[in-house]
Amino acid sequence: MVDRANFPSDVPSTHFVWPHGLSYLNRWGLLKQVLATTPSHTVLNVVQDGIELSGTVPLHLLREHFRELHGDDSGVVQRYASVRRRVLDKILLDAAADAGAQVRTGFVVEELIQDKGRVVGIRGKTQDGRSVEERARVVVGADGRNSSVARALGLRKHDVRHKCTFAYWGYYSGFTLPSAYMYQRGRLGVAAAPTNFGQNMLLVWGPRELAEEFRVDLAGNFEQALDLVSPELGKRVRAQGKREGRLFATLDQSAYLRPLFGQGWVLAGDAQCFKDQCTAIGMTHAFRDAELLAAGLDDWLSGDSAFDVALKHYESCLRGPAATAYYDYVCAQAEMRALDHDELQFLSGLRDDQQQTDHFIAMHGGIAIHSTR
Ligand SMILES: Cc1cc2nc3c(=O)[nH]c(=O)nc-3n(C[C@H](O)[C@H](O)[C@H](O)COP(=O)(O)OP(=O)(O)OC[C@H]3O[C@@H](n4cnc5c(N)ncnc54)[C@H](O)[C@@H]3O)c2cc1C
């Protein structure tokens, strides 16, 4: 297992994890370690134009989801947490090493070794500049949006959706948040969540076409967006908040899919599919891919099935109707269209029904949404 970064390390991303994401960490025996230094909560607040929906993903839906994807629902939890990547990635890497993987950090993959059209290994550079070749029966490209594995194979993106959000975020001390909030007012969004080191993560996003205008006065517009989207949060941040460090930015989050696997290679996580940050699902889906792929590759490596047969379930979970419907849902959300009167009436009606509210929150996280295609 190689990674060009040295850990602990951050990636340019926020880090809200849904209950299904934390359930994976629990299934892998890592949740306790994560929660030892990371605040967590059992309620998520989705606030749309002042209409507050507070709830959680119902346990029975989580269980159903895991049974459908993985054949069992052990370790399912209903918690949410926002864990800094410099905390999480180190825990994941150490766990991989403890499980027997040889982990090499500061190692950049530069090329794939191919033999008669089949990938048979990688070429790369170690931190001290040595060129190294490694042979493998399969190369897994879990190397993010700018996947070097996808580039080396010349894989094209498809179903690209250019309408997406820009996002600015930073870390604030000085006040405590009991749980996470996802706000939207008109075409602007704000997320606020407690995270590690006694800090809160505050994120502002909007339609990408407004990014240039927004960045002209970044600090001022960030504060104004907080005030506009959630006046009480804006007031609190001005009165008590202290920003720790700079604001971070992502200006392009076009969604895409890439081919999933071929001769001697397979992609996972953002390398195979990227979706806008507006529903904060990427890490949860990267965990899902890891568990599904590990099971598929195990089937193949233990000789039970041919490679493409062993990866059929992986493919159907990532490209089947439910995944496709959620891809469409996130891409539609990423357009940041202001809701019309009927939609607001609908949301306002949900407030009186906790079961429906919980179902709505589950759907926002990609659970219990069924394709109409
Ligand atoms: C602004 C923003 C906010 C987000 N907020 C959230 C959120 O709140 N919650 C959430 O769940 N998701 C969020 N996401 C999405 C999330 O960041 C990704 O979906 C997730 O990180 C994908 O994980 P991954 O392992 O596939 O890729 P990555 O996390 O990108 O990891 C890829 C790894 O590959 C390594 N690598 C890359 N190239 C090479 C190479 N050539 N050689 C060796 N190593 C290499 C990198 O060092 C890195 O460690 C957000 C994304 C953005 C842009």
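This structure is a prediction, so every number in the text was calculated from the model and none was measured.

## Considerations on the overall build of the protein chain
Scanning the protein chain for helices and strands turns up 14 helices and 22 strands. For the C-alpha atoms alone, the extent of the protein chain along its principal axes is close to 60 × 45 × 40 Å. Counting over 373 residues, the protein chain shows a buried share of 50%. Of the contacts made within the protein chain by residues no fewer than 6 positions apart, 73% connect residues no fewer than 24 positions apart. Per element, the accessible surface of the protein chain, about 17,500 Å² overall, is 50% carbon and sulfur. Between the averaged position of the 42 positive side-chain charges in the protein chain and that of its 45 negative side-chain charges there is a distance of 4 Å.

## Observations regarding the packing of helix α11 (residues 312-319) against helix α12 (residues 321-334)
Direction vectors running N to C along α11 and α12 enclose 35 degrees, while the axes themselves pass 4 Å from each other. Contacts from Cys317, Leu318 and Arg319 of α11 reach α12 at Pro321, Ala323 and Thr324. Across the contact of α11 with α12, the residue classes tally to four nonpolar, one polar and one charged.

## Some points on the nonpolar core
Among the nonpolar cores identified, the biggest contains 67 residues, and Phe16, Trp18, Leu44, Val57, Tyr314 and Ile361 are the most heavily contacted of them. For this core, the element with the highest residue contribution is helix α9 (residues 282-301), accounting for six residues. Counting the residues that make up this core, at least three belong to each of domain 1 (107-160 + 254-334) and domain 2 (165-250). If sequence neighbours within four positions are ignored, Leu44 has contacts with Phe16, Trp18, Leu53, Ser54, Gly55, Tyr80, Ala180, Met182 and Ile361.

## Quick word on the site of the ligand
Around the ligand sit 29 residues, and of these Asp3, Ser13, Thr14, Arg85 and Met283 come closest. Contact distances for the ligand include 2.6 Å between an oxygen atom and a side-chain N or O atom of Asp3. When the free accessible area of the ligand is taken as 1,000 Å², the share hidden by the protein chains comes to 90%. Secondary-structure elements contributing two or more residues to the shell around the ligand are β8 (108-115) and α9. Among the elements that line the shell around the ligand, the one with the most residues is α9, at four residues.

## Topic: unusual backbone geometry
Geometrically, the link from Phe7 to Pro8 is a cis peptide bond, its omega value of 5 degrees lying close to zero. Here Pro8 is to be found in the loop between β1 (2-3) and β2 (16-17). Despite not being glycine, Asp159 shows a phi value in the positive range, around 50 degrees. With respect to the helices and strands, the residue Asp159 is situated in strand β12 (residues 158-161). Given a relative accessible area of 32%, Asp159 falls into the partly exposed group. In this model, Ala280 sits at a positive phi of 55 degrees, which is unusual for a non-glycine residue. If you trace the backbone, Ala280 turns up in the loop between β22 (273-274) and α9.

## Some details on the side chain of Thr56
Of note, Thr56 is situated in the loop between β5 (51-55) and α3 (59-70). Here Thr42 takes part through its backbone oxygen, which lies 3.2 Å from a polar atom of the side chain of Thr56. Engagement of the side chain of Thr56 in a polar contact is seen with the side chain of Tyr80, the distance being 3.4 Å.

## Quick word on the packing of aromatic side chains
Taken as a whole, this structure holds 17 aromatic pairs when the rule is applied. Ring centres 5.0 Å apart and planes at 45 degrees place the aromatic pair Phe166 and Phe214 in the tilted group. Of the two residues, Phe166 is situated in strand β13 (residues 165-173) and Phe214 in helix α6 (residues 211-215); the sequence distance between them amounts to 48 residues. Here Phe166 matches Phe214 in class, with each residue buried. Aromatic ring contacts, followed pair by pair, group Tyr24, Trp28, Phe66 and Phe287 into a single cluster. In this structure, Arg145 is placed above the aromatic ring of Phe274, and the distance from its NZ or CZ to the ring centre is 4.2 Å.

## Notes on the pattern of salt bridges
Scanning the entire structure with this criterion turns up 24 salt bridges. Across the pair Arg161 and Asp328 runs a salt bridge, and its minimum N-O distance is 2.7 Å. Of the two residues, Arg161 sits in strand β12 while Asp328 sits in helix α12, which places them 167 residues apart along the sequence. Classification of Asp328 by relative accessible area gives partly exposed; the value is 23%. Linked through salt bridges whose partners overlap, the residues forming this network are Glu111, Arg123, Glu133 and Arg135.

## Thoughts on helix α4 (residues 85-98)
If you check α4, its first and last C-alpha atoms are 19 Å apart, about what 14 residues at 1.5 Å a residue would give, namely 20 Å. Residues of α4 that are buried: Arg85, Val87, Leu88, Asp89, Ile91, Leu93 and Ala96. Those residues of α4 hidden inside the fold are in contact with α1 (19-27), α2 (31-35), β7 (104-105) and α9. One or two positions beyond α4, positive phi appears at Gly100, with a value near 115 degrees.

## Examining the domain arrangement of the protein chain
Domain parsing of the protein chain yields domain 1 (107-160 + 254-334) and domain 2 (165-250). Placing a centre on the C-alpha atoms of domain 1 and another on those of domain 2 gives a separation of 32 Å. Domain 1 puts eight residues into the contact, and the matching count from domain 2 is seven residues. Both faces considered, domain 1 and domain 2 share a buried interface measuring about 520 Å² in area, 42% of it formed by carbon and sulfur atoms.

Thresholds applied
Residues numbered from 1 in each chain as written. Predicted model: local features only at pLDDT ≥ 70, side-chain atom pairs only at ≥ 80, totals over all residues. Heavy atoms only, no water. Helix = DSSP H or I, 4+ residues; strand = E, 2+ residues; numbered from the N terminus. Buried < 20%, exposed > 50% of the residue type's maximum accessible area, 1.4 Å probe, protein only. Contact = heavy atoms within 4.5 Å. Areas by Shrake-Rupley, 256 points an atom, 1.4 Å probe, with all protein chains shown as cover. Lys, Arg positive; Asp, Glu negative; His and termini not counted. Charge placed at Lys NZ, Arg CZ, Asp CG, Glu CD. Axes fitted to C-alpha atoms, helices over the stretch in contact; angles between N-to-C directions. Nonpolar A, V, L, I, M, F, W, Y, C, P; charged D, E, K, R; others polar. Core = buried A, V, L, I, M, F, W, Y, C linked by side-chain atoms within 4.5 Å. Domains from an automatic or database assignment. Near = heavy atom within 4 Å. Polar contact = N/O pair within 3.5 Å; in protein donor to acceptor, adjacent residues only side chain to side chain. Phe/Tyr/Trp six-rings, centres within 6.5 Å; stacked < 30°, edge-to-face > 60°. Lys NZ or Arg CZ within 6 Å of the ring centre and 35° of its normal. Salt bridge = Lys/Arg side-chain N within 4 Å of Asp/Glu carboxyl O. Expected span 1.5 Å × (residues − 1). Buried area = accessible area lost by both parts, 1.4 Å probe.

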